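Remarks on the overall topology
Next come the chains, spelled out residue by residue.
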There are 2 protein chains.
Amino acid sequence: MDLIRRGMRRGVRGGVLALALTMGLLAAPGAAPAQEVLEKRVFEGGAYQTRGGGTIGNLRIGYQTMGRLNAEGTNAILICHFFSGNSHAFGRLSATGPAGYWDAIIGPGKPIDTDKYFVVSADTLVNVNVPDANTVTTGPASINPDTGRPYAMTFPVVSMRDFVETQKRLLDSLGVKRLALVAGPSNGGLQSIEWAAAYPGFVERVMPVIAAEIDAWMQGWLDLWESPIRLDPNWRDGDYYAQGRDLPIRGLAEAWKIVTLQARDRLWAKQYDRRPADGQDPARRIGDRFAIESWLDAAALARARTSDANAFLYMVRANQLFLNEYPSLAAALAGAPARWLVVSTASDRVFLAEGVAEFTAALRTAGKQVATAALDGPLGHLNGVVGMAPVGETIRAFLAR
Amino acid sequence: MDLIRRGMRRGVRGGVLALALTMGLLAAPGAAPAQEVLEKRVFEGGAYQTRGGGTIGNLRIGYQTMGRLNAEGTNAILICHFFSGNSHAFGRLSATGPAGYWDAIIGPGKPIDTDKYFVVSADTLVNVNVPDANTVTTGPASINPDTGRPYAMTFPVVSMRDFVETQKRLLDSLGVKRLALVAGPSNGGLQSIEWAAAYPGFVERVMPVIAAEIDAWMQGWLDLWESPIRLDPNWRDGDYYAQGRDLPIRGLAEAWKIVTLQARDRLWAKQYDRRPADGQDPARRIGDRFAIESWLDAAALARARTSDANAFLYMVRANQLFLNEYPSLAAALAGAPARWLVVSTASDRVFLAEGVAEFTAALRTAGKQVATAALDGPLGHLNGVVGMAPVGETIRAFLAR
């Protein structure tokens, strides 16, 4: 990891949430009441065989916890992160740093109450935030112990199920015997569903948020997200880690630009009106920009500097491989646990309302007890990352059932 | 134009609709009853000053007509084309060629009845289909008479209003004194609205189909569409027309890939299920593809070979400059004609249903008589290009009012 970080921009700290802050998504540091500072820990998992038959020599993933595990190991909750996120779902990792993305609903006395539950969140495999000091992952930027050099595109393909398997090893190592809840937004919602299919006896409740089935339509969109990376001449088929090579920052930024806009909504964009960027005149100069374009350029470039292009490609693939070991969604859900809370937002332009409705119907067809909750807000898909407070009491009630 | 065509793939004929056919969108040649073969004509407009203050030395745009103009010049209808289309909205340009994209509703005895109306459709400025023999346009691939070389990115910015102005010159040259209707899908719907704002006394009825306001959200999406072109090293800031230079086909194909998927819908994608492409194993090999990805790759590459990357950039800008001469949508609509038929489809992922609803409300607030019609079908946005037959009688009734 250190070698990789040297190859990238130095001095990035707390990049994921700092970036979210610059995007105006989260409350400023200091706005929340004082809390203990959490420790980011590292799970050393040893050798790991992927579901696709590949081998990862030295599995390492970061995680954080809050609350205490009971003697029976049955009061645990697992929070899974979104595509561009990491384990920082709750609490603070430094006295002056930002709170986690779901901090509004996780903590002492909060709907996911750490006075009652032992809450765990882990960085996934192939996490995109490679240059971020608070992210610990194993992926294409990691050193292959067999060669002493980064895997790059020789890293084995991993699936959503591999995310679950590595988290299961972590939970086993912590003594967890049962999850009262597995939950997460977007990519985290997909992991939650995959958990329910893989370990029905281990999971009591499931709460996918802004998530639904990855069908062919979504596989296609994920491909659109990643395509600019492959176009960037600096990508070099993934072989860009060597000292002195330019990084595929432009392609990665274009990839983030698609994600950034699609994860928002029309209402959010209204603030830019249709006005030109400062000092620019797009009606007269073909190279000049509109205000929303300049914002997207800057936000995406900043995000590109705190992430890794190859990891983005592997994360896309893991999403495309959602439930890939089952012949159908119905087959995957057949044996899944009974209690579900599906949280969605009508203005979601990533997981469309129609897809969420189909997923919810599939759960009911499979005989599950399904509650639903809707999020409002101007942020579209991102309502499920930064706008969860309004459904807090619904979650508390779900946990009490 | 000839120089440009030499620089591109030879032998492309009827590329726009041939491509639509390979995409399975239109009926096969021969499926419709025999019709006269239409002649594609060229309007030579001389020098043209753009709304942004630039000069085009030698304006040429292609067009086609059906029906006869009456002595008063008042029975004309103008059909405006979509982003990737051309004037071929109706009829056949050769005995064995395909019918136009709206042929189901335009022709003798059809809802837009060429026994009653003189129907005109023209290629826009900066039309993307530069290598297509049935498209005649003036844009960045055209020869600048001052230099004898292609304009490339020195071509002046043109706006949706410039599309209207050049079409107005064409209609004047044909003796048209009034339009009974101006209509079109998507980009053609935007042109229709721009027409209504610019020439309210000249236009009796307006029918925008799968279109609404270009707000900041849409400006951002248009930017995402074009961004892969600028990433392609063969783009060379637009300077790729010289003999022997590689064309920015990969970047242009990625641009079309975004358009191609977004212009469709989830229901259409279901045919690909989540299956791998033939002989590929994306669960084991990071370079392997899913079926929908392979289809998108092939469709977009074919489309890239029949279009021009710089023209794509200029067409994006023209769309972003929708109604750019008005302080607001309300101001643009204030003096517009009274009679409107707004046709939309709920599964449109380009012009979202919410945007269409806002646009329709703005028309009503401005005191217009607004009828609406909804399109079904599995194709999303494209329902408004290839699925218009079901609203034919609604259109006939609208024209009779």
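Residues numbered from 1 in each chain as written. Chains lettered and ligands numbered in written order. Predicted model: local features only at pLDDT ≥ 70, side-chain atom pairs only at ≥ 80, totals over all residues. Heavy atoms only, no water.

Each helix and strand in chain A was counted, giving 13 helices and twelve strands. The C-alpha atoms of chain A give 20 Å as radius of gyration, which agrees with the globular expectation for 401 residues (21 Å, within 12%). Its C-alpha atoms give chain A principal-axis dimensions of about 65 × 50 × 45 Å. For chain A, the proportion of its 401 residues judged to be buried stands at 64%. Taking all contacts inside chain A whose residues are at least 6 apart in sequence as the whole, residues at least 24 apart take part in 75%. Across chain A, the 42 positively charged side chains and the 39 negatively charged ones have centroids separated by 3 Å. (Helix = DSSP H or I, 4+ residues; strand = E, 2+ residues; numbered from the N terminus. Rg over C-alpha atoms; globule rule 2.2 N^0.38 Å. Buried < 20%, exposed > 50% of the residue type's maximum accessible area, 1.4 Å probe, protein only. Contact = heavy atoms within 4.5 Å. Lys, Arg positive; Asp, Glu negative; His and termini not counted. Charge placed at Lys NZ, Arg CZ, Asp CG, Glu CD.)

To continue, consider the interface of chain A and chain B. On the side of chain B, 61 residues touch chain A, which itself brings 61 residues to the contact. Buried surface at the junction of chain A and chain B, both sides included, amounts to about 5,500 Å², of which 59% is carbon and sulfur. For the chain A face of the interface with chain B, the top three residues by lost area are Leu231(A), Arg274(A) and Ile286(A), together amounting to 16%. Inspection of the chain A/chain B interface yields 14 salt bridges. When the shortest N-O distance is used, the salt bridge between Glu213(B) and Arg274(A) registers 3.9 Å. For the pair chain A and chain B, the interface holds 32 residue pairs in polar contact (both at pLDDT 80 or more). Taken together, the elements giving at least two residues each to the side of chain A that touches chain B come down to helix 5 (216-231), helix 6 (249-262), helix 7 (266-269), helix 8 (291-305), helix 9 (309-320) and helix 11 (353-365) of chain A. For the side of chain A that touches chain B, the element with the most residues is helix 5 of chain A, which contributes twelve residues. (Buried area = accessible area lost by both parts, 1.4 Å probe. Salt bridge = Lys/Arg side-chain N within 4 Å of Asp/Glu carboxyl O. Polar contact = N/O pair within 3.5 Å; in protein donor to acceptor, adjacent residues only side chain to side chain.)

With an axial shift of 0.0 Å and an RMSD of 0.0 Å, the rotation relating chain A to chain B amounts to 180 degrees. Accordingly, the operation relating the two chain copies is best matched by a two-fold axis. Here 100% of the interface residues in chain A have copies in chain B that are interface residues too; the copies meet face to matching face. (Least-squares fit on C-alpha atoms with pLDDT ≥ 70 in both.)

So, on to the pattern of salt bridges. Scanning the model with the defined rule gives 56 salt bridges over all chains in all. Within the structure, one salt-bridge network assembled from shared partners comprises Asp223(A), Glu254(B), Lys257(B), Arg289(B), Glu293(B) and Asp297(B).

Turning next to the confidence of the model for chain A. Residues and elements named next belong to chain A. Residue-level pLDDT values for chain A average 93, and 91% of them are 70 or greater. Between the elements of chain A, mean pLDDT differs from a low of 39, seen in helix 1 (residues 2-7), to a high of 99, seen in strand 3 (residues 76-79). A low-confidence stretch, residues 26-32 (pLDDT under 50), is modelled with 15 contacts involving residues beyond four sequence positions or located in other chains. (pLDDT = per-residue confidence, 0-100.)

Moving on, we come to the UniProt feature "active site" (unreviewed entry) in chain A. Residues and elements named next belong to chain A. Residues annotated by UniProt as "active site" (unreviewed entry) correspond here to Asp348. Take Asp348: it is sitting in the loop between strand 11 (339-344) and helix 11. The class for Asp348 is buried, based on a relative accessible area of 2%. Sequence-distant contacts of Asp348, defined by excluding residues within four places in its chain, comprise Ile210, Gly380 and His381. (UniProt positions renumbered as here; feature names shortened; annotations may be inferred.)

All names here are of chain A. The mixed open sheet is built from eight strands, whose spatial order is 1-2-6-3-9-10-11-12. One side of each edge strand has no neighbouring strand; the edge strands of this open sheet are strand 1 (41-49) and strand 12 (369-374). Each adjacent strand pair in this sheet contributes to an overall mean axis angle of 20 degrees, direction not counted. Relative to strand 6 (residues 118-122), strand 2 (residues 55-66) runs antiparallel, the two being bridged by four bridges. (Pairing = 2+ DSSP bridges. Axes fitted to C-alpha atoms, helices over the stretch in contact; angles between N-to-C directions.)

Let's shift gears to helix 11 (residues 353-365) of chain B. In a regular helix each residue adds 1.5 Å, so 13 residues correspond to 18 Å; helix 11 of chain B covers 18 Å between its end C-alpha atoms and thus fits that length. Looking at the buried positions of helix 11 of chain B, the neighbouring elements they touch are helix 7 of chain A together with helix 4 (187-198), strand 10 (205-209), helix 10 (329-334), strand 11 (339-344) and strand 12 (369-374) of chain B. (Expected span 1.5 Å × (residues − 1).)

Here the focus is helix 11 of chain A. Inspection of helix 11 of chain A places Gly355(A), Val356(A), Phe359(A), Thr360(A) and Leu363(A) among the buried residues, and these make up the whole buried set. For helix 11 of chain A, the angular spread of the buried residues around the axis is 135 degrees, confining them to a single face. The elements touched by buried residues of helix 11 of chain A are helix 4 (187-198), strand 10 (205-209), helix 10 (329-334), strand 11 and strand 12 of chain A together with helix 7 (266-269) of chain B. Just downstream of helix 11 of chain A lies Gly367(A), where phi reads positive at about 85 degrees. (Arc of directions from axis to C-beta.)

Before going further, it helps to spend a moment on the packing of aromatic side chains. Under the counting rule described, the total for this entry stands at 33 aromatic pairs over all chains. For the pair Tyr240(A) and Tyr241(A), a centre-to-centre distance of 4.5 Å together with 45 degrees between the ring planes defines the contact as tilted. In terms of burial, Tyr240(A) and Tyr241(A) fall into one category: buried. Judged by centre distance (6.0 Å) and plane angle (70 degrees), the rings of Trp340(B) and Phe359(B) are edge-to-face. (Phe/Tyr/Trp six-rings, centres within 6.5 Å; stacked < 30°, edge-to-face > 60°.)

Residues and elements named next belong to chain B. Pairing is mixed in the open sheet, where eight strands are placed in the order 1-2-6-3-9-10-11-12. Taken across any chain shown, the strands that pair with only one partner, and hence form the sheet edges, are strand 1 (41-49) and strand 12. In this sheet, adjacent strand axes meet at a mean angle of 20 degrees when their direction is disregarded. Note: strand 9 (residues 179-185) against strand 10, four bridges, orientation parallel. For Ala183, the partnering residue across the bridge sits in strand 10 and is Met207.

Keep in mind that most residues, glycine aside, have a negative phi and that most peptide bonds are trans. Residue and element names in this part refer to chain A. Residues other than glycine seldom take positive phi values, yet Ile210 does so here, at roughly 40 degrees. Within the secondary structure, Ile210 is located in the loop between strand 10 and helix 5. A relative accessible area of 0% places Ile210 in the buried class. Here Asp237, not a glycine, exhibits a phi torsion of approximately 55 degrees, which is positive. Of note, Asp237 is situated in the loop between helix 5 and helix 6. Looking at Asp237, the relative accessible area reads 60%, which means it is exposed.

As a packed pair, helix 5 of chain A and helix 6 (residues 249-262) of chain B sit with axes 10 Å apart at the nearest point and diverge in direction by 160 degrees. The angle between the axes of helix 5 of chain A and helix 6 of chain B places the two elements in the roughly antiparallel class. The crossing of helix 5 of chain A and helix 6 of chain B is left-handed. The residues of helix 6 of chain B that touch helix 5 of chain A, namely those facing Trp217(A), Gly220(A), Trp221(A), Asp223(A), Leu224(A), Ser227(A), Arg230(A) and Leu231(A), are Arg250(B), Gly251(B), Glu254(B), Lys257(B), Ile258(B), Leu261(B) and Gln262(B). (Parallel < 35°, antiparallel > 145°, perpendicular 65-115°, else oblique. Left-handed = near helix turned anticlockwise from the far one by under 90°.)

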